[in-house]
Amino acid sequence: MAQEIRFNFVGDPSDLVQAFRDVARAAEDVEETTKDTDNSLAGLNERFTKSSAKVGEAASMVAKYAAGLGAAAGAMALLSVKTAEADRQLGDFAARLGTDVETLSGLRYAASTVGLEFEDLEDGARTLAEAMAEAARGGTSEAVEALNRLGVTGTDVIGGLDSIADQFSRMEDGAEKTAMAMKLFGEEAGVRMIPLLNQGAAGIAELREEAARFGATVREEDVAAAREFQEAISE
């Protein structure tokens, strides 16, 4: 009597994990109910004389089944709301960085595989963008000096991050690498981004491809749909 439900998820993986936990709890209730229902049907003829009692039991089963479905539906509804918000925020951030949302969502997925929260990725990328813009204006801050030392030029933040990652992957972990990461990505985000940077440009590219295979990338039309969804539920 098992039923299979498939869907594509785009959003923060931690939200998906929690939602699945909620759905799993509801599914356990539903599974237990269906087992009870099967057992009741198997012995229906034998216990027909107790039909009035069985009606009461059946009513309880239906109520429990409905409650289970309600919990699952509620969890998925909550997931939809949170996913829409995550997609909208991703679209806004991609626009600020001057990159496409699909590339940025692939980077978000890559970050999640090494335990890097999207908020830290966002802070780090924003700090790097500011440093690259300053370097383009001829600035002389410590962040600009770090960029010059690594030979990173231009204002393409994703390209700059890939270039930095390529060099970080060849550097030994230690105080020097940590200090450079802090200059480029901020004191807090820089330290947290090191595991991602250690993947190197090729490793990050592979994770982006994996995100595409798993349907974890966000497209521009997904962002537009997320905005429409949020507008609809706010009316």
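The sections below set out a description of the structure shown in this document. Computed from a prediction, not measured in an experiment: that's the story for all the values here.

Conventions and cut-offs
- Residues numbered from 1 in each chain as written.
- Predicted model: local features only at pLDDT ≥ 70, side-chain atom pairs only at ≥ 80, totals over all residues.
- Heavy atoms only, no water.
- Helix = DSSP H or I, 4+ residues; strand = E, 2+ residues; numbered from the N terminus.
- Buried < 20%, exposed > 50% of the residue type's maximum accessible area, 1.4 Å probe, protein only.
- Contact = heavy atoms within 4.5 Å.
- Areas by Shrake-Rupley, 256 points an atom, 1.4 Å probe, with all protein chains shown as cover.
- Phe/Tyr/Trp six-rings, centres within 6.5 Å; stacked < 30°, edge-to-face > 60°.
- Arc of directions from axis to C-beta.

1. Some points on the overall build of the protein
Okay, step 1: When helices and strands are tallied, the protein shows 10 helices and 0 strands.
Okay, step 2: Along the chain direction, N to C, the helices and strands of the protein fall in the order α-α-α-α-α-α-α-α-α-α.
Okay, step 3: Within the span of the protein, comprising 235 residues, buried residues form 37% of the whole.
Okay, step 4: Long-range pairs, those at least 24 residues apart, make up 72% of the contacts in the protein with a sequence separation of at least 6.
Okay, step 5: Taken as a whole, the protein presents about 13400 Å² of accessible surface, with 52% of it coming from carbon and sulfur.

2. Considering the packing of aromatic side chains
Okay, step 1: Evaluated as defined, the whole model comprises 2 aromatic pairs.
Okay, step 2: Between Phe93 and Phe118, the aromatic rings sit 6.2 Å apart at their centres with planes inclined by 85°, giving edge-to-face as the arrangement. One end of the pair, Phe93, is in helix 2 (residues 51–97); the other, Phe118, is in helix 4 (residues 118–136), with 25 residues separating them in the sequence.
Okay, step 3: For the ring pair Tyr109 and Phe214, a centre distance of 6.4 Å and an interplane angle of 75° mean the geometry is edge-to-face. Linking Tyr109 in helix 3 (residues 101–113) with Phe214 in the loop between helix 9 (200–213) and helix 10 (220–234), this pair joins segments that are 105 residues apart in sequence.

3. Some remarks on helix 7 (residues 175–185)
Okay, step 1: Buried residues of helix 7: Lys177, Met180, Ala181, Leu184 and Phe185, and no others. Considered in projection along helix 7, the buried side chains sweep an arc of 105° and stay on one side of the axis.
Okay, step 2: Of the surrounding secondary structure, the elements contacted by the buried residues of helix 7 are helix 4, helix 5 (142–150), helix 6 (157–168) and helix 8 (187–197).
Okay, step 3: Just beyond helix 7, the residue with positive phi is Gly186, at close to 105°.

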